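These are the residues of each chain, in order.
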Amino acid sequence: QSVAVYASDGSFAGVRRPGSGRPIEVDGLRLVVEDMKGSTGLELKTDPGVPWVYAGFAGLMVTSFLSLLSHSQVWAVQSEGGGG
């Protein structure tokens, strides 16, 4: 792998391989890349509100499926005559 080096003004200074021993001049400094440590840049974080969000989504899904069920009304009428 190679390391791209940039000056403080953002201009490209050059590329060096770790362990090559070749110096590179950047802003008046001679730099030699001896070793490189890989990193992804990802950070793992925890959020205490995530379970509440999942619970709300689950509730939304349940009520959405319940709204798809057909519902009907049954009416009963009582007559005043009693004899039917």
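Parameters at a glance
Residues numbered from 1 in each chain as written. Predicted model: local features only at pLDDT ≥ 70, side-chain atom pairs only at ≥ 80, totals over all residues. Heavy atoms only, no water. Phe/Tyr/Trp six-rings, centres within 6.5 Å; stacked < 30°, edge-to-face > 60°. Helix = DSSP H or I, 4+ residues; strand = E, 2+ residues; numbered from the N terminus. Buried < 20%, exposed > 50% of the residue type's maximum accessible area, 1.4 Å probe, protein only. Contact = heavy atoms within 4.5 Å. Lys, Arg positive; Asp, Glu negative; His and termini not counted. Salt bridge = Lys/Arg side-chain N within 4 Å of Asp/Glu carboxyl O. Polar contact = N/O pair within 3.5 Å; in protein donor to acceptor, adjacent residues only side chain to side chain.

> I tried to follow the packing of aromatic side chains on my own but got confused; where do I start?
Each aromatic ring pair is described using two quantities: the centre-to-centre distance and the angle formed by the ring planes. According to the stated counting rule, one finds one aromatic pair in the structure shown. Judged by centre distance (5.4 Å) and plane angle (70°), the ring pair of Tyr6 and Phe12 falls under edge-to-face.

> Explain the environment of Val33 here, please?
Tracing the chain through its elements places Val33 in the loop between strand 4 (29-31) and helix 1 (50-68). Val33 sits in the buried class, given a relative accessible area of 15%. The sequence separation of Val33 and Arg22 amounts to 11 residues, and the corresponding C-alpha distance is 7.8 Å.

> It is not clear to me how unusual backbone geometry should be interpreted in this structure. Could you clarify?
For residues other than glycine, phi is negative in most cases, and the peptide bonds are mostly trans. Of note, the phi angle at Asp27 is positive, near 50°, even though the residue is not glycine. Along the chain, Asp27 turns up in the loop between strand 3 (24-26) and strand 4.

> Is there a simple way to think about the environment of Ser2 in this case?
Mapped onto the elements of the fold, Ser2 is located in the segment before strand 1 (3-6). By relative accessible area, Ser2 is classed as partly exposed at 40%. Residues contacting Ser2, with those up to four places away along its chain left out, are Val15, Arg16, Arg17 and Met36.

> Quick question: what am I supposed to make of the side chain of Arg16 here?
By the element assignment, Arg16 lies in strand 2 (residues 12-16). We note that Arg16 is buried and unpaired, the nearest opposite charge coming from Glu25 at a distance of 9.2 Å. Here the side chain of Arg16 touches Pro23 through a polar contact of 3.3 Å, landing on its backbone oxygen. With sequence-adjacent residues up to four places away left out, Arg16 is seen in contact with Ser2, Val3, Arg22, Pro23, Ile24 and Val33.

Read these as layout, nothing more, since geometry by itself doesn't imply function.
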